[in-house]
Every structure is written in structure tokens, then in C-alpha cells.
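Listed below, chain by chain, are the residues.
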Amino acid sequence: MAFDENIYKLRLDKLNQIEALGQPAYPTRYEYTHTVPQILAEYSDKTAEQLENPRVNLRVAGRIMAIRLMGKAGFAHLQQAGEKLQIYVKKDAVGDKGFELYKLFDLGDHIGVSGYLFRTRTGELTVHVEEITFLSKDLLPLPEKWHGLTDVELRYRQRYVDLVVNPEVREVFLKRSRLVQSMRRFMDSHEFIEVETPMMQPIAGGAVARPFVTHHNTLDMNLYLRIAPELYLKRLTVGGFDRVYEINRNFRNEGLGWRWNPEFTMLEAYMAYTNYRGIMDLTQQLIIQAAQDVNGTTKSKWGDAEIDWAESNWRRLTMREAIIQFWPESAGAKPEMSDFASHESVAKLAQRFNAGHAHIAYDPNEPGGKTIAALFEAVGEEHLRQPTIIYEFPTAVSPLSKQKPDEPDWTERWEIYAGQMEIANGFSELNDPEDQRRRFEQQLAERERGDEEAHQMDEDYIRALSYGMPPAGGVGVGVDRLAMLLTDSHTIRDVILFPLLRPEKKGDEEPPSA
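The structure reproduced in this document is the subject of the present report. A quick note: this is a predicted structure, and the numbers were derived from the prediction, not measured. Residue positions are given per chain, counting from 1 as you read along its sequence in written order. Local features in this predicted model are restricted to residues of pLDDT 70 or higher, and side-chain atom pairs are both shown and tallied only at a pLDDT of 80 or more, whereas totals for entire chains, interfaces and linings draw on every residue. The side-chain quantities take in all heavy atoms of the structure and omit both hydrogens and water.

Some remarks on the sheet that holds strand E1 (residues 57–70)
Read around the closed barrel, the five strands follow the order E1-E2-E3-E5-E4; overall the barrel is mixed. The average undirected angle you get between the axes of adjacent strands in this sheet is 55°. Any two strands are treated as partners once DSSP identifies two or more bridges connecting them. In this description a helix means any DSSP run of H or I spanning at least four residues, a strand means any run of E spanning at least two, and both kinds are numbered starting from the N terminus. Summarising the sheet, strand E3 (residues 83–90) and strand E5 (residues 125–136) pair through three bridges and their orientation is parallel. Pairing of Gln86 across the sheet is with Thr126, part of E5. Any two residues having at least one pair of non-hydrogen atoms within 4.5 Å are treated as being in contact. Lines are fitted to the C-alpha atoms to define the axes, a helix being fitted only along its stretch in contact, and any angle between axes, read from their N-to-C directions, falls within 0 to 180 degrees. In this fold helix H2 (residues 36–43) packs onto E1, strand E2 (73–80), E3, strand E4 (110–119) and E5, with an angle of close to 90° to the strand it touches most, E3.

A short note on the environment of Leu125
Looking at the element boundaries, Leu125 is found in strand E5. Exposure categories follow from relative accessible area, calculated using a 1.4 Å probe and restricted to protein chains: below 20% of the type maximum is buried, above 50% is exposed, and the middle band is partly exposed. Exposure remark for Leu125: the relative accessible area of 7% places this residue in the buried category. Linking Leu125 and Leu219, residues 94 residues apart in sequence, is a C-alpha distance of 63 Å. Residue contacts for Leu125: discarding those within four places in its chain leaves Ile39, Leu40, Tyr43, Ser44, Leu51, Leu85, Gln86, Leu117, Phe118 and Arg119.

As for the pattern of salt bridges
Put simply, a salt bridge is a Lys or Arg side-chain nitrogen that is within 4 Å of an Asp or Glu carboxyl oxygen. Enumeration over the complete set of coordinates arrives at 39 salt bridges. One salt bridge in this structure joins Arg11 and Asp138, with 3.9 Å as the shortest N-O distance. You can see Arg11 sitting in helix H1 (residues 5–20) and its partner Asp138 sitting in the loop between E5 and helix H5 (154–157), a full 127 residues away along the chain. The pair Arg11 / Asp138 is uniform in exposure class, with both members buried. As a salt-bridge pair, Glu230 and Lys234 come within 2.8 Å of each other at their nearest N and O atoms. Of this pair, Glu230 and Lys234 both sit in helix H8 (residues 230–238), four residues apart, roughly one helical turn.

Given below as C-alpha cells:
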């Protein structure tokens, strides 16, 4: 939406005229007695007679979202907190100067009014204005049609306008706020301690991802924006915080997409003296409660379908079971459990899949576990619309989780899926420092082979484990993705107030000089 220089200058001129009437251009405060939502909640069911006796006097402020002038009177709608209330301005009631002020208002201006409530002849609850106070001028016209704009990024770039003109957008972010509040209440009620860990770290650890790099001038050292708080939270578990969590911002220098934003929010938690099944059960209850708190029901709309978060609707499959169950007919007979046992048999599975289906990247030099994980993503994820827990992940893609005692190539790890995407990841935490060192060394070998996302060595973390960490289960829950599912938002940018965007073209949206 390009600037209209004529409108901008016209409204600046109106602002000067408002000052000439004795109103400050940018006053510092306004004393109100009610908010618009309070008025609507308290008086919407009152009759005209009830509003007259006794008369309801009040002061309220808001942004003008509709205005019309009819001779010596006019109506306007004030919006506050996403709700609208009509006001009636009559010259006889506000005086000559007050009515001149009213005629200088534009859509988008902020004003305060004092008066009393009544009902119009059509029955609409309205404030009969006795005094008007100017609060702020909107120098740029609000768009008439915001959803139909050809620039799909404009709503994200100018979220401040998006929130004003699209009440449903405001509702999404109110629900997101309720989601975070619900998660925090749930964790606190289960005796978890909320903490804060470093966002700048000397080693990018706790996940397999490419980090952002920054530099500390005084210390003359490179630091990484955290890709996960995991290793610091587990250090706290070593230190005696048996139940600890953080609602954290993470940063990963990766691509953009409908599920990915380089800056995102997670809830990460660690619980001593339990394993992956204990933290799995806790996370399932956390999500069920969040769905209930956000929408007042365990059901949420997702496109043309519905996701039911009720416990009875959840299913659990091992990764191998999921590949077998969802194996496409075009790729031949369904695999058997023995097909996952050796590097050679896994290679044959990949070849069969690629011969009869969409191609997955396959490197015969990679560990078989990485191929299995890639097969699962290609075969299974698209079928996981309802809440599903996939558990038992290959050790090759799980450098921080405990191996299964009877199957060392597999770990006690799980992920929760819904709406065809992962929303949580948890496991039995690896607390053997010697095993952890070997896993890091394996990751270093992957880095040498060109995998920039493989985990780095962290000697201090191994030292922390050497002091003794109790058995524990840990989890990370994607707050943004869960917000998407609970608000029927089909891109992550719809649930992040200010998502990362390409640079704006120079000169676009630049206000003219006064």
C-alpha cells in the first residue's frame, strides 16, 4: 500500500487545525471509566428504559473505525480491544468547538469521549457524547480491503495495520497468548521450575541445526544464537533442579517455509527420575489441556477437517511400525521388521521406495538409521493428521538420547505429530558421559563428511554429566506449530507477530517529509 502524499499532508493540516482548537496534538493520557469490552459486557442486555434510570455516565476511548456526518450531528464507531461501540455526537451537546473538532476526525484517529449510554431508534447501544477529547491522528489511511492485497507479505510486514482492520488476526494472537499461559500453568502445577538459559552460547548445541553466528567485541570471540536450550537445562538437572523448564526463543539459520521460521518459540522441559514414557505421558496431557484452554474444547478446526485432541483419539506407533503401516503400494510389498536390521536391508528399502515412489535422498555412506528416518518422513508424515506419537528413533539421528537396552541401534525417543507435522520431540536423556562423548565423536565424523548441522563437541557438558545426572526424560514442544493447529493457521507466519521477511524495497512506504 503506497503512501498517498496528498492524504498525508491533508491530515497533517487537520492536525494543525485540531491544535488551533486548543487540543494538544499528542496528549499524554486520558482518564477513562470503562473500556469498550466492559461496556458491551455489562450493558448490552439493558433496555432503553434501564439505561435511562439510572443514567449510565462514562468515559471511554478508542480508535475511530467508522464515521458519518449528518448536518449538525454524526455517528462513529470506536474500536478497542477488538470490539466496537457506537457514539452519537450532536452539536447542541458538544458545543460549536466540540463539533468543529468532530468534523476534523478521520478513520483511524484515537479519541476519548464522555457522555451517557442510550439506545438509538434501531436499538443499538450508543454513547451520547457530551465532551470529545482528541488523542492521536492517523496520518495514513487505513486500507479498505486488507485480505485482497496482491502483496501477500504486506500483512506480516505491517502487522500493526493487520491487527487494527482484521479482528480474526487479533483473535489468533489472543489464543496464542492463552496457549502459553496454559503451558506455564500446567508446568507450574506439576512442580516444574521455570528458568532462563543463555541465548548466546560458545557452542551451538542441543539440536542438529545450522546456527547464527555473532561476535563479542570485548571478549573477541564468536558466539552462536542458541539453537536449543537443552544442554544448559540438563546442566541444571545435574545441579539438582529435578523438574525444570523454559519457554524459549531459538534461532536456526535455515530455510523459510509454512512450518519454519528462523526465530521460533519452544517449551523445553526435563524431569528427573522418569524415562521417555513418563515425559511422553506428561506432554500428551499438557497438549490436551492446552487445546481445552485455548478453544474451550478438545476439538479444533484444521482446514476442511477437524483435529480431536481428546486422549481417546491419540495413537502410538514405533517408527518402524509407521513405515510398515503407511508403505505405499507402488513401492511393493510392505517391509517386515527384519528389513530394518542391517545397513544392506535398509539400502534395499530405500531403493524399492525410490523405484516406485517420489525420490528420497540416499547416500550409501550414511548410517542406516539416517536412511530409516528419511523413509519415515517420506512415507509416514503425510498420514499423521490426528494426534500421533511416533517412538523408537534410530540412534544415528538421536545423539542426545538413551539407546534401547535390547536394541542399541534404536533410542528411547519419540515425537508427537498432528496436522502432518511434528510438534514435540522427547526422549530418555543420555546421562552416561562416556557414551555421550562417543556420540559427539560420531557427530564430528559427520561434520567432517560435510554435514554442517551435525552436533559439535561440548567438553563442559560431558564434564557436567561426569558429576552425575539422574535418569531423566526431556521434551521440546513447538509453541508456534501448536498455535497453528489450535487456530487453523496454515503458515507459521500467521502465528508469529513479526515473522522474518525479505528486506523491503528502498523507498516503499516512506512517509513524505512534512
